[in-house]
Protein chains: 2
Amino acid sequence: MVYPLPFDELEAFMAALFESIGVPPEDARTCADVLITSDKRGIDSHGVGRLKPIYYDRIVHQKIQQPVTQFEIVRDQAATAVVDGHHGMGMVIGKRCMQMAIEKARTYGLGMVVARNSTHYGFAAYYPMMACRAGMIGLSGTNARPSIAPTFGVENMLGTNPLVFAIPTDEEFPLTNDYATSIIQRGKIEQYDREGKACPPGLVIDRQGQTKTDSAQVLKDLVSGEAALTPLGGIGEETAGYKGYGFATVVEVLSAALQQGNFLKQLSGIGEDGKPRPYGLGHFFMAIDIEHFCDLAAFQKTTGDILRELRHSQKAPGAERIYTPGEKEYLAWLERKDKGAPVDEALQKQLVTMRDEQGLKQFRFPFEKP
Amino acid sequence: MVYPLPFDELEAFMAALFESIGVPPEDARTCADVLITSDKRGIDSHGVGRLKPIYYDRIVHQKIQQPVTQFEIVRDQAATAVVDGHHGMGMVIGKRCMQMAIEKARTYGLGMVVARNSTHYGFAAYYPMMACRAGMIGLSGTNARPSIAPTFGVENMLGTNPLVFAIPTDEEFPLTNDYATSIIQRGKIEQYDREGKACPPGLVIDRQGQTKTDSAQVLKDLVSGEAALTPLGGIGEETAGYKGYGFATVVEVLSAALQQGNFLKQLSGIGEDGKPRPYGLGHFFMAIDIEHFCDLAAFQKTTGDILRELRHSQKAPGAERIYTPGEKEYLAWLERKDKGAPVDEALQKQLVTMRDEQGLKQFRFPFEKP
């Protein structure tokens, strides 16, 4: 049974768990905040559901990620910097990099920081949204494990490489484009699988160049490399799949080349000996201080006007509403805020396992029998 | 009959024509260079084919564009600037804005310039490619006449709003993502129409929410507003059309809100009296100086390595090769450089009309009977 767990309880548990495995207290709170913020926005694919496989297991069991983040500023110039994260906590690296970009933008109007030797930094919009709170436009991207096949190719080469913008508005929530450059991500296919649905055609390509739709089989084939995700725009050129492929390529370059780090197949997380090894991910973070161009309130109003005009334009017959980027995440928050995050049985087991392994006896979950 | 016209002849004619209608000599050469560079790259939709309808007619007949560009720097701070183009020549405005961004990036690492009251600036990659020649990453975008319908909408609201990157490599040509955020542009539908082909399904949506495929009818309906282009990713959400829609929205905001200019329906080019009026387009230009992050040659090699690995990955059965972004444009140049630009009969007539209207008797085209 899916059980809603209050956000504050879940966040406190995550922070305590990170701390129990060696993450310093303030960093542990940062990591918990990144994950819970994703859950609050309804993006379950990047929240507490990833706590065990992506963070806990990699630190505790695979030992390919460092709980103590050695944040080394390799190069720091006017509006730019390069950081080495030494395989520490991606969210801590991400937050500190974006803070630096924001400070630089305050001074120069623009700031950009790139990170090398990082690890999974959670949902990418977290960092651009920090810029919004500072009255700035934020931009971020990251490379990732090879998943997307190039146009006319069938091999998983590029990560799902999100290209993410967040922009302040005069509304209750910022404009956020939190998009992988593939059509969908693995998390969505897992959802199709749980619901017993086929994956729509065109979203996954196999080594024979055919689309695959059997969700359970797709999940296996993506791991083995027998199948790959298709870029935004789809297979081939007729519906402009080369554009999603091109954006994924640009994100790969911006993430890897400015910091001279790993790219493409080097990001498999598997060493030549077949054993797990640090991913060595790269990210980029950019902040644009609006006040260097125009009045912030005027900017926010123009942006809000654009969004409102889009929403109020003519709907397709049968469509209830037109959403603007980031609106669904805000609606998810309104829906969830008094209930909490939905925790299914598989996730309940993971939470109990981690708690027991770390002896965090002070936490007892409402789904556990008394 | 389609006649290939040597690039240097065509460029000289365009420069002379621009000069004859009041564009100062240096600016006329800039405008001709932007257009001819598009033709050289095989992007016929943005080259000499637009000389008459988009530039000549708007200056000479509609009188909604100024041949003399009053380039006013409204605000100039460290890494940022705002420019007012006063409805002058978009290519002149674009080139000067990107030059400013490059100079700022040389000093601070980053530079960003936004323009208001501009006009059509040609193919968007021209400006980011200027950054590449300076050893920098370039980024540009522009808003445009309303064409794209939002996800779940049917009304043409957003321009084809390109989001364009150009990145230096160690190869013969830079990585360029010169992409409208719609699946296709009007120019491609014109091509389908000329070839007597239907427009593939999913690329155009009508007011009833249905896709339209009759190319000739689509071209009329796009003008009347009875049909709209769909965003990259297609109709609805299943293939992630909301991502193309989101990118188009971000480009609209970056183009309009930082310079407090026109947006969406305000960009129709038609006044309340039903007569043509200046579009008041907005653009943004960004330069990122690579040497502020790392060694330029090392960066170029990493980028080149990424592109080469993509090209050499496993091809789909039947696919001859995997292209990387910008490669097809380079191949078009190799194919065309000794021949020139293909000039069809409709375009031949336009060239003759403009020449005769301006009395440029020194030009005689090879397709004219002796």
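Residues numbered from 1 in each chain as written. Chains lettered and ligands numbered in written order. Predicted model: local features only at pLDDT ≥ 70, side-chain atom pairs only at ≥ 80, totals over all residues. Heavy atoms only, no water.

S.K.: What's the story with the overall build of chain A in this structure? I'm lost.
M.R.: The helix and strand tally for chain A stands at 11 helices and 11 strands. The C-alpha extent of chain A, read off along each of the three principal axes, is 55 × 50 × 45 Å. Accessible surface for chain A amounts to roughly 13,700 Å². Of this, 48% is attributable to carbon and sulfur atoms. Of the charged side chains in chain A, 40 are positive and 46 negative, and the gap between their average positions amounts to 2 Å. (Helix = DSSP H or I, 4+ residues; strand = E, 2+ residues; numbered from the N terminus. Areas by Shrake-Rupley, 256 points an atom, 1.4 Å probe, with all protein chains shown as cover. Lys, Arg positive; Asp, Glu negative; His and termini not counted. Charge placed at Lys NZ, Arg CZ, Asp CG, Glu CD.)

S.K.: Would you take a moment to explain the packing of helix H1 (residues 7–20) of chain A against helix H11 (residues 345–358) of chain A for this structure?
M.R.: Between two packed helices, both the angle of their axes relative to each other and the distance between the axes serve to describe the pair. All names here are of chain A. Packing of H1 against H11 brings their axes to within 10 Å, and their N-to-C directions diverge by 40°. Taken together, the axes of H1 and H11 lie oblique to each other. For the element pair H1 and H11, the recorded crossing hand is left-handed. Taken together, the residues of H11 that come into contact with H1 (itself represented by Leu10, Phe13, Leu17 and Ser20) are Leu351, Met354, Arg355 and Gln358. Residues of the contact of H1 with H11, tallied by class, amount to 5 nonpolar, 2 polar and 1 charged. (Axes fitted to C-alpha atoms, helices over the stretch in contact; angles between N-to-C directions. Parallel < 35°, antiparallel > 145°, perpendicular 65-115°, else oblique. Left-handed = near helix turned anticlockwise from the far one by under 90°. Contact = heavy atoms within 4.5 Å. Nonpolar A, V, L, I, M, F, W, Y, C, P; charged D, E, K, R; others polar.)

S.K.: In this structure, what is going on with the interface of chain B and chain A? I would like to understand it.
M.R.: Reports of interface size often rely on the accessible area that becomes lost once the parts have come together. Taken together, the contacts link 86 residues of chain B with 87 residues of chain A. In total, chain B and chain A occlude about 7,600 Å² of area from one another, counting both sides; carbon and sulfur atoms represent 71% of this. Viewed at the interface, chain A and chain B are joined by 2 salt bridges. Put simply, Lys328 of chain B and Glu237 of chain A hold a salt bridge, and the shortest N to O gap is 2.9 Å. The tally of links from chain B across to chain A stands at 34 residue pairs in polar contact (both at pLDDT 80 or more). Contributions of two or more residues to the side of chain B that touches chain A are made by strand E3 (80–84), strand E4 (110–118), strand E6 (163–167), strand E7 (175–179), helix H8 (241–256), strand E10 (281–289) and helix H9 (296–311) of chain B. By residue class, the composition of the side of chain B that touches chain A is 51 nonpolar, 22 polar and 13 charged. (Buried area = accessible area lost by both parts, 1.4 Å probe. Salt bridge = Lys/Arg side-chain N within 4 Å of Asp/Glu carboxyl O. Polar contact = N/O pair within 3.5 Å; in protein donor to acceptor, adjacent residues only side chain to side chain.)

S.K.: For this particular structure, what's the right way to read the sheet that holds strand E4 (residues 110–118) of chain A?
M.R.: Backbone hydrogen bonds hold the strands of a sheet together, and the pairing may be parallel or antiparallel. Residue and element names in this part refer to chain A. Across the sheet, 7 strands lie side by side as E2-E3-E4-E10-E5-E6-E7; this open sheet has mixed pairing. Each edge of the open sheet carries a strand with a single partner, namely strand E2 (72–76) and strand E7 (175–179). Averaged over all pairs of adjacent strands, the angle between their axes in this sheet comes to 15°, without regard to strand direction. In terms of strand pairing, strand E3 (residues 80–84) meets E4 through 5 bridges, oriented parallel. From the neighbouring strand, Val82 faces E4, where its bridge partner is Val114. Sitting on the sheet, helix H5 (residues 126–133) is in contact with strand E5 (136–142), strand E6 (163–167), E7 and strand E10 (281–289), with an inclination near 170° to E5. (Pairing = 2+ DSSP bridges.)

S.K.: For this particular structure, what's the right way to read the relation of the copies chain B and chain A?
M.R.: For the pair of chain copies, the relating transformation is a rotation about an axis with a translation along it. Structural alignment of chain B on chain A gives an RMSD of 0.0 Å, achieved by rotating through 180° and translating 0.0 Å along the axis. As the rotation angle and translation indicate, the two copies are arranged about a two-fold axis. Of the C-alpha atoms belonging to chain B, the one lying closest to the rotation axis is found on Gly233 of chain B, 2.4 Å away. Most of the interface of chain B is mirrored in chain A, where 100% of its interface residues again form contacts. (Least-squares fit on C-alpha atoms with pLDDT ≥ 70 in both.)

S.K.: Looking at this structure, I do not really get the packing of aromatic side chains. What am I missing?
M.R.: Two measures describe an aromatic ring pair: the distance that separates the ring centres and the angle between the ring planes. Evaluated as defined, the whole model comprises 32 aromatic pairs over all chains. Seen in terms of ring centroids, Tyr179 of chain A and Tyr242 of chain B are 5.7 Å apart; in terms of plane orientation they differ by 75°. Their pairing is edge-to-face. In this pair, Tyr179 of chain A sits in strand E7 while Tyr242 of chain B sits in helix H8, so the two residues belong to two different chains. For Tyr242 of chain B, a relative accessible area of 29% puts it in the partly exposed group. When the centroid spacing of 5.2 Å and the interplanar angle of 10° are considered together, the rings of Phe365 of chain A and Phe367 of chain A count as stacked. (Phe/Tyr/Trp six-rings, centres within 6.5 Å; stacked < 30°, edge-to-face > 60°. Buried < 20%, exposed > 50% of the residue type's maximum accessible area, 1.4 Å probe, protein only.)

S.K.: Can you help me understand the state of the cysteines in this one?
M.R.: Taken as a whole, this structure holds 0 disulfides over all chains when the rule is applied. Unpaired in terms of disulfides, Cys294 of chain A finds its nearest cysteine sulfur in Cys132 of chain A, a separation of 14 Å. With no disulfide partner, Cys97 of chain B has as its closest neighbouring cysteine sulfur the one in Cys31 of chain B, 14 Å distant. Take Cys97 of chain B: its relative accessible area is 0%, and that puts it in the buried class. (Disulfide = S-S within 2.5 Å.)

S.K.: Help me out: how do you make sense of the sheet that holds E3 of chain B in this one?
M.R.: Across the sheet, 7 strands lie side by side as E2-E3-E4-E10-E5-E6-E7 (chain B); this open sheet has mixed pairing. A single partner strand is all that each edge strand has here, and the edge strands are strand E2 (72–76) and E7 of chain B. Ignoring strand direction, the axes of neighbouring strands in this sheet form an average angle of 15°. The strands touched by helix H8 (residues 241–256) of chain A within the sheet are strand E5 (136–142), E6 and E7 of chain B, with E7 of chain B carrying the most contacts at an inclination of about 140°.

S.K.: Got a minute to help me understand the environment of Glu26 of chain A in this structure?
M.R.: Residues and elements named next belong to chain A. Secondary-structure assignment places Glu26 in helix H2 (residues 25–40). Classification of Glu26 as exposed rests on a relative accessible area of 57%. Along the backbone, Glu26 and Glu72 are 46 residues apart, and their C-alpha atoms lie at a distance of 18 Å.

S.K.: Looking at this structure, I do not really get the domain arrangement of chain A. What am I missing?
M.R.: Residue and element names in this part refer to chain A. Split into domains, chain A comes out as domain 1 (1–63 + 342–370), domain 2 (72–180 + 241–313 + 320–339) and domain 3 (184–229). Domain 2 and domain 3 are separated by 25 Å when their C-alpha centres are compared. Listed as interface residues are 9 residues of domain 2 and, on the opposing side, 8 residues of domain 3. Both faces combined, the contact of domain 2 with domain 3 buries some 700 Å², and carbon together with sulfur accounts for 59% of it. At the junction of domain 2 with domain 3, the criterion picks out 0 salt bridges. The interface formed by domain 2 and domain 3 holds 2 residue pairs in polar contact (both at pLDDT 80 or more) in total. (Domains from an automatic or database assignment.)

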